[in-house]
Amino acid sequence: MLTGWWEINIPIFYKSKQEPKVAEKKAEILAAEAQYRAMKNEVLFMIADMSSMTQRVERQIDLYKTGIIPQASLQINSAMSAYRVNRADFMTLLDSQMTLYKYELEYHQALTEYEKSVAGLGATIGKQAL
């Protein structure tokens, strides 16, 4: 007498069991891709924003260096000359000096803001500070 046993697994319900898992993984992939695009857009926006701020402050620094501070210095010289010949009072001279100090302070604040924005831009793009 000879007996044998033969067994074959036929996956009849494979679609109903695997399709939801496949759909879930596809949704997870799409969500991860959307999150990546959102982060990429945010970083690009930050770079553009910091770059424009850096350029604005750079122009402001140049304006202080080439226009505002030299004119304020000339105004002090003019007020000093007028004070020496009694054509202006001491308060005019003092006001001119205070104006120059105010502009110099604003210039150094702009320099500080510029350095901060350059450092922030470097951190955003991943450049290491020296």
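None of these values were measured; they are calculated from a predicted model.

Enquirer: Lay out a nonpolar patch on the surface in plain terms, naming residues and giving numbers.
Expert: Taken together, the side chains of M80, Y83, F90, M91, L94, M98 and Y101 present a nonpolar region at the surface, about 690 Å² in accessible area. Those elements that place two or more of their residues in the nonpolar patch are α1 (14-84) and α2 (90-125). When residues of the nonpolar patch are assigned to their parent elements, the largest contribution, 5 residues, is made by α2. In this structure, M80 sits in helix α1. Owing to a relative accessible area of 30%, M80 belongs among the partly exposed residues under this scheme.

Enquirer: Talk me through the pattern of salt bridges; I want residue IDs and the actual numbers.
Expert: Applying the stated criterion across every chain, the model contains 2 salt bridges. In this structure, the salt-bridge partner of E28 is K25, at a minimum N-O distance of 3.5 Å. Here E28 pairs with K25, and both are found in helix α1, just 3 residues apart, close to one helical turn. Note on E28: relative accessible area 41%, which makes it partly exposed. Between E113 and R56 there is a salt bridge whose closest N-O contact spans 3.0 Å. In this pair, E113 is assigned in helix α2 and R56 in helix α1, connecting sequence segments 57 residues apart.

Enquirer: With reference to specific residues and values, describe the side chain of S96.
Expert: Tracing the backbone through its elements, the reader meets S96 in helix α2. Excluding anything up to four places from it in sequence, S96 contacts Q75, I76 and A79.

Enquirer: Any details on the nonpolar core? Residues and values, ideally.
Expert: With 10 residues, the main nonpolar core is built from V57, I61, Y64, I69, A72, I76, L100, Y107, A110 and Y114. Contributing elements (two or more residues each) for this core: α1 and α2. With 6 residues, the single largest contributor to this core is α1. Those residues in contact with A110, other than ones at most four positions away along the chain, are V57, Q60 and I61.

Enquirer: Can you break down the environment of K102 residue by residue, with the values?
Expert: Position of K102 relative to the elements: it lies in helix α2. For K102, a relative accessible area of 43% corresponds to the partly exposed category. Linking K102 and A79, residues 23 residues apart in sequence, is a C-alpha distance of 17 Å.

Parameters at a glance
Residues numbered from 1 in each chain as written. Predicted model: local features only at pLDDT ≥ 70, side-chain atom pairs only at ≥ 80, totals over all residues. Heavy atoms only, no water. Patch = residues over 30% accessible without salt bridge, like charges linked within 9 Å, V, L, I, M, F, W, Y side chains within 5 Å. Areas by Shrake-Rupley, 256 points an atom, 1.4 Å probe, with all protein chains shown as cover. Salt bridge = Lys/Arg side-chain N within 4 Å of Asp/Glu carboxyl O. Helix = DSSP H or I, 4+ residues; strand = E, 2+ residues; numbered from the N terminus. Buried < 20%, exposed > 50% of the residue type's maximum accessible area, 1.4 Å probe, protein only. Contact = heavy atoms within 4.5 Å. Core = buried A, V, L, I, M, F, W, Y, C linked by side-chain atoms within 4.5 Å.

Such coordinate-based values are descriptive only and should not be taken to indicate function.
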